[in-house]
Amino acid sequence: EEEGRRPTHLKSILNLSTNVTGLNFHPGGEMLAMASRGEKSALRLFHVGNRTVFSNWPTTKSPLNYVQCMDFSACGRYLGIGNDKGRCFLYS
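Just so it is clear, the structure is predicted and the values come from calculations on it, not from any experiment.

Asker: Even after reading the chapter, I still don't get the side chain of His 26, so can you show me in this structure?
Answerer: Summarising the element assignment, His 26 is placed in the loop between β1 (22-25) and β2 (31-35). A polar contact is formed between the side chain of His 26 and the backbone oxygen of Gly 76, at a distance of 2.9 Å.

Asker: Quick question: what am I supposed to make of the pairing of strand β3 (residues 43-47) here?
Answerer: Every regular strand shows the same layout, with side chains that alternate between the two sheet faces. As defined by bridge partners, β2 adjoins β3 across five bridges and the pair is classed as antiparallel. By the bridge assignment for β3, Met 34 is matched with Arg 44.

Asker: Would you mind showing me how to read the nonpolar core here?
Answerer: Most often, soluble globular proteins keep nonpolar side chains buried together rather than apart. Ranked by internal contacts, the top residues of the largest apolar core, which has 13 residues, are Leu 43, Leu 45, Val 67, Met 70, Leu 79 and Ile 81. When residues of this core are traced back to their parent elements, those giving at least two are β2, β3, β5 (67-72) and β6 (79-83). If we ignore the near neighbours within four places in the chain, the residues touching Met 70 are Gly 22, Leu 23, Asn 24, Ala 33, Met 34, Ala 35, Leu 43, Leu 79, Gly 80 and Ile 81. In terms of nonpolar packing, the next biggest core, distinct from the first, is built from six residues, Leu 16, Leu 32, Met 34 and Ala 42 among them.

Asker: Looking at this structure, how should I read the sheet that holds strand β4 (residues 52-53)?
Answerer: Spatially, four strands are ordered β1-β2-β3-β4 in an open sheet, and the strand pairing comes out antiparallel. The open sheet has two free edges, formed respectively by β1 and β4, since each of these has just one partner strand. Where β3 and β4 come together, two bridges link them in antiparallel fashion. Looking across to β4, one finds that His 47 is bridged to Thr 52.

Asker: Quick question: what am I supposed to make of the pairing of β2 here?
Answerer: With five of its five residues buried, β2 lies for the most part within the structure. Across the two faces of β2 the burial is the same, with Met 31, Ala 33 and Ala 35 and Leu 32 and Met 34 all buried. Note that β1 and β2 share four bridges and pair antiparallel. Residue pairing for β2: Leu 23 is matched across the bridge by Met 34.

Asker: How should I be thinking about the side chain of Asn 24 in this particular structure?
Answerer: You can see Asn 24 is positioned in strand β1. For Asn 24, a relative accessible area of 19% puts it in the buried group. Within polar-contact distance, the side chain of Asn 24 engages the side chain of Asp 71 at 3.3 Å. Not counting chain neighbours up to four residues away, the residues in contact with Asn 24 comprise Met 31, Leu 32, Ala 33, Met 70, Asp 71 and Phe 72.

Calculation rules
- Sequence positions are assigned chain by chain, starting from 1 and proceeding in written order.
- Since the coordinates come from a predicted model, pLDDT governs what is reported: local features require at least 70, and pairs of side-chain atoms require 80 or more to be given and counted, while whole-chain, interface and lining totals use all residues.
- By convention in this description, side-chain values take in all heavy atoms of the structure and omit both hydrogens and water.
- Elements are defined by DSSP. Helices are runs of H or I of four residues or more, strands are runs of E of two residues or more, and each kind is numbered from the N terminus.
- What qualifies as a polar contact is a pair of N or O atoms within 3.5 Å, subject to a donor-acceptor requirement within protein and to the restriction that residues adjacent in sequence count only when both atoms come from side chains.
- In this analysis, strands are considered paired if DSSP registers two or more bridges between them.
- Only buried residues count toward a nonpolar core. Its members are Ala, Val, Leu, Ile, Met, Phe, Trp, Tyr and Cys residues joined through side-chain atoms within 4.5 Å.
- With a 1.4 Å probe rolled over the protein chains alone, any residue whose accessible area is under 20% of its type maximum counts as buried; one over 50% counts as exposed, and the rest are partly exposed.
- Any two residues having at least one pair of non-hydrogen atoms within 4.5 Å are treated as being in contact.

This is the structure we're talking about:
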């Protein structure tokens, strides 16, 4: 990056209605997972390439409850999510 050059604003993501408590980039850089502990199932996946949020997940039936943490596996194939009930979910 050139010295003195300012970062470029690409997108504002407004899909969470409470404060953001977690952000994790997919190892390949194509997705950003974001979550909030302030609301049930407050986790969204953002596709960086087309700058859109996946609308089909999580669903109202996803058992996420209050997301406390999340991270992608090193290879990027899995997403682990931990909640306030002491449960961990693994998605591929």
